[in-house]
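Inside the fold
So you can see what is in the structure, the chains are spelled out below.
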Amino acid sequence: MLRCYFRRILLQSSSRDQGTRKDLLTGFPSALLGGHRSASSLPDVRERTLIAVKPDGVQRRLVGQIIQRFEQRGFKLVGLKMLQASEDLLSQHYSELRAKPFYPRLLKYMSSGPVVVMVWEGHKVVQTSRVMVGHTNPAEASAGTVRGDFSFHVSRNVVHASDSLEGAQREIQLWFKGKELLNWDSCDQNNTFAV
Ligand code: DAT
Ligand code: MG
């Protein structure tokens, strides 16, 4: 009931100007407005992270298995697309690694073929997905992780996962437009968490 009420407000406000929308939402606890506030103020279960299947993962037909792992863990897919990333986009994505010796090779490789980029949502999804993805160097990644199960060399480690809440917010904004992310209620949510 409460959820329907908020959705009605958000739908009504989407056709109005930003100022009016802000007025409508003023006074409501930000915890009830997940998906419409910055990541830092999202309620716990609306935490989001960016996961990308890299060109090696796409070439090796691993997209389905990687999506399945996140689905079966109970996380919710709220954004998904396939694209061939430009070096410009990748240089922003990997800006912290600019000084590393492998950086030029990394950019060349990451732009060499299609990637599948996703946004997943759920309780502690940033931390949990890093565990699911495994150590950066597959030689040190545990069996049962994506990198530990599907790769053996750091230059071809199959998948990307944001490493912090701030990083996730930055990367999601870099790869996705707001309207490409969907807020939807999953019918199993009473069975994946309780508040
Ligand atoms: P992660 O992808 O686990 O967040 P990172 O952000 O340190 O790791 O590095 C980004 C990617 O750069 C990584 O997934 C693979 C590549 N990379 C990292 N270290 C490397 C190295 N020593 N040689 C080649 N590629 C490397
Ligand atoms: Mg990283």
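As shown above, the structure is provided for reference.
Residues numbered from 1 in each chain as written. Chains lettered and ligands numbered in written order. Predicted model: local features only at pLDDT ≥ 70, side-chain atom pairs only at ≥ 80, totals over all residues. Heavy atoms only, no water.

**Thoughts on the pattern of salt bridges**
We count it as follows: Salt bridges are defined as contacts in which a side-chain nitrogen from Lys or Arg sits within 4 Å of a carboxyl oxygen from Asp or Glu. Secondary structure elements are defined from DSSP: runs of H or I of at least 4 residues count as helices, runs of E of at least 2 residues count as strands, and each element is numbered from the N terminus. Buried, partly exposed and exposed residues are distinguished by accessible area as a fraction of the type maximum, computed with a 1.4 Å probe on protein chains only: under 20%, between the cut-offs, and over 50%, respectively.
Within this structure, the stated rule accounts for 5 salt bridges. Salt-bridge contacts for Arg-69 lead to Asp-149; the nearest nitrogen and oxygen are separated by 2.8 Å. Of this pair, Arg-69 sits in helix α4 (residues 63-73) while Asp-149 sits in helix α8 (residues 146-150), and the two are 80 residues apart along the sequence. The partly exposed category is assigned to Asp-149, whose relative accessible area is 36%. Between Glu-121 and Lys-76 there is a salt bridge, and its shortest N-O distance comes to 3.5 Å. Taken together, the positions of Glu-121 in strand β3 (residues 115-121) and Lys-76 in strand β2 (residues 76-83) put the pair 45 residues apart, joining distant regions of the chain. Both residues of the pair, Glu-121 and Lys-76, belong to the buried class. A network of salt bridges, in which partner residues are shared, links Arg-46, Arg-48, Lys-76 and Glu-121.

**Details of the pairing of β3**
The two faces of a sheet get side chains in turn, since along a regular strand they alternate between them. Heads up, the condition is: Any two strands are treated as partners once DSSP identifies two or more bridges connecting them.
In terms of residue burial, β3 counts as a mostly covered element, since 7 of its 7 residues are buried. The two faces of β3 match: Val-115, Val-117, Val-119 and Glu-121 on one face and Val-116, Met-118 and Trp-120 on the other face are all buried. In the sheet, β2 pairs with β3 via 7 bridges, with the strands oriented antiparallel. Along β3, the bridge assignment pairs Leu-77 with Trp-120.

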